Amino acid sequence: MDGNGRWARHRGLPRLKGHEQGAANVRPITEECVAQGVEFLTLYAFSTENWKRPGEEVSGLWILLGNFLELELPTMMKNGIRLRTIGHTHELPEEARQKLSATIAATAENKALTLILALNYSSRTELADAARSIAEDARSGALDPATITPDAIQSRLYTSEYPDPDLLIRTSGEMRLSNFMLWQLSYAEFYITPKFWPDFGKQDLRAAIAEFHKRERRFGGI
Ligand code: FPP
């Protein structure tokens, strides 16, 4: 959801106003995902590196997240949205953690779209966590190091129960992955748009999906 800060700066507003607008943009985008038959949407909301931002911005983001969860629960129920998270959410402030758990529980049986919020997420930390889990299983004798395959890693990622993303959309024109799903994006199609996240609307999502359908995916074949 990149570009919230610049969206606000271009309007002479404080950065948190951009995040507020960014949070408000989640509803139309999830609605369009449901309309298009997208089954999984992951939003990169907070990276492990985002703690470096000023304390006021960080605490403002957790308040925004809590407000978002409370405000959006009825819409999530109406639209069949199941909420999940990836990342070290146990390090989030207590209130945000409680609201996340409550929303995850309330939406657990919804079927149309799984909305995964990446919160305090870093792909390198995820891979290190998987490596640690493999090492522990090897030490206990549960796993023979000779049998370690990509599946052994895949099954220990935070995303083990979800399919790999088909399409990565990066808003605000940045051409980098920023520590996001390094493993899972191996064969994803990339779509980079100069629009800031708060300006990325339903029509833009439809354009990204249309572009995706034009791509020829070979997965290493010919
Ligand atoms: C990236 O824009 C955005 C973030 C780091 C925060 C996104 C989080 C929220 C909108 C909080 C609410 C959470 C949800 C899931 C609704 P940026 O600040 O890096 O923008 P910039 O690069 O233009 O400064």
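Above this note sits the structure.
Residues numbered from 1 in each chain as written. Predicted model: local features only at pLDDT ≥ 70, side-chain atom pairs only at ≥ 80, totals over all residues. Heavy atoms only, no water.

(A) Region of the structure containing the environment of Q98. Structurally, Q98 can be placed in helix α5 (residues 94-106). The class of Q98 is partly exposed, set by a relative accessible area of 49%. Sequence-wise, Q98 and W183 are 85 residues apart; in three dimensions their C-alpha atoms are separated by 30 Å. One polar contact links Q98 to E94, side chain to side chain, over a distance of 2.5 Å. (Helix = DSSP H or I, 4+ residues; strand = E, 2+ residues; numbered from the N terminus. Buried < 20%, exposed > 50% of the residue type's maximum accessible area, 1.4 Å probe, protein only. Polar contact = N/O pair within 3.5 Å; in protein donor to acceptor, adjacent residues only side chain to side chain.)

(B) View of the sheet that holds strand β2 (residues 81-86). Read from one edge of the open sheet, 3 strands run β1-β3-β2, paired in parallel fashion. A strand with exactly one partner marks an edge of an open sheet, and here the two such strands are β1 (40-47) and β2. Shown here is a sheet whose adjacent strand axes are inclined to one another by a mean of 20 degrees, direction ignored. Each of β1, β2 and β3 (113-121) touches helix α3 (residues 26-36); the most contacted strand, β3, lies at about 140 degrees to it. Its contacts with the sheet place α5 against β2 and β3, and it is angled at close to 140 degrees to β2. (Pairing = 2+ DSSP bridges. Axes fitted to C-alpha atoms, helices over the stretch in contact; angles between N-to-C directions. Contact = heavy atoms within 4.5 Å.)

(C) A look at the site of the ligand. Surrounding the ligand, one finds 16 residues, the nearest of these being G5, R6, R15, H19 and R53. Here an oxygen atom of the ligand and a backbone polar atom of N4 are 3.3 Å apart. In this structure, an oxygen atom belonging to the ligand sits 2.7 Å away from a side-chain N or O atom of R6. Within the complex, the protein chains bury 91% of what would otherwise be the 620 Å² of accessible surface of the ligand. Only α1 (4-9), α2 (15-24) and α4 (55-79) provide two or more residues apiece to the shell around the ligand. When the residues that make up the shell around the ligand are grouped by side-chain class, the tally is 7 nonpolar, 5 polar and 4 charged. (Near = heavy atom within 4 Å. Areas by Shrake-Rupley, 256 points an atom, 1.4 Å probe, with all protein chains shown as cover. Nonpolar A, V, L, I, M, F, W, Y, C, P; charged D, E, K, R; others polar.)

(D) Structural detail: the nonpolar core. Formed by 27 residues in total, the largest nonpolar core has its most connected members in L65, L100, L115, L117 and L119. If you list the elements that add at least two residues to this core, you get α3, β1, α4, β2, α5, β3 and α8 (202-214). Looking at which element gives the most residues to this core, the answer is α4, with 8 residues. Beyond its immediate sequence surroundings of up to four residues, L65 is in contact with A96, L100, L117 and L119. I86, I116, Y162 and L168 belong to the second largest nonpolar core, which has 11 residues in total. (Core = buried A, V, L, I, M, F, W, Y, C linked by side-chain atoms within 4.5 Å.)

(E) Fine view of the packing of α2 against α4. The geometry of α2 relative to α4 is characterised by a closest axis approach of 10 Å and an angle of 25 degrees between their N-to-C directions. The orientation of α2 with respect to α4, classified from their angle, is roughly parallel. For the element pair α2 and α4, the recorded crossing hand is right-handed. Taking contact as the criterion, the partners of R15, L16, H19, E20 and A23 in α2 are, on α4, E56, E57, G60, L61, L64 and F68. (Parallel < 35°, antiparallel > 145°, perpendicular 65-115°, else oblique. Left-handed = near helix turned anticlockwise from the far one by under 90°.)

(F) View of the packing of α3 against α4. The contact between α3 and α4 brings their axes to 11 Å, and the two run at 20 degrees. Accordingly, the angle class assigned to the pair α3 and α4 is roughly parallel. Here the hand of the crossing between α3 and α4 comes out right-handed. Here V26, R27, E31 and V34 of α3 come into contact with α4, specifically with F68, L71, E72, T75 and N79. Tallied by class, the residues present in the contact of α3 with α4 amount to 4 nonpolar, 2 polar and 3 charged.

(G) Spatial organisation of α8. With 13 residues, α8 should cover 18 Å at 1.5 Å per step; its first-to-last C-alpha distance of 19 Å lies within 8% of that length. Three or more residues of α8 are buried, namely D204, L205, A208, I209 and F212. The buried residues of α8 occupy an angular sector of 140 degrees when the element is viewed end-on, so they sit on one face. Exposed side of α8, more than 90 degrees from the buried face: Q203, H213 and K214 are the residues found there. Buried residues belonging to α8 abut α3, β4 (167-170) and β5 (189-192). (Expected span 1.5 Å × (residues − 1). Arc of directions from axis to C-beta.)

Such coordinate-based values are descriptive only and should not be taken to indicate function.
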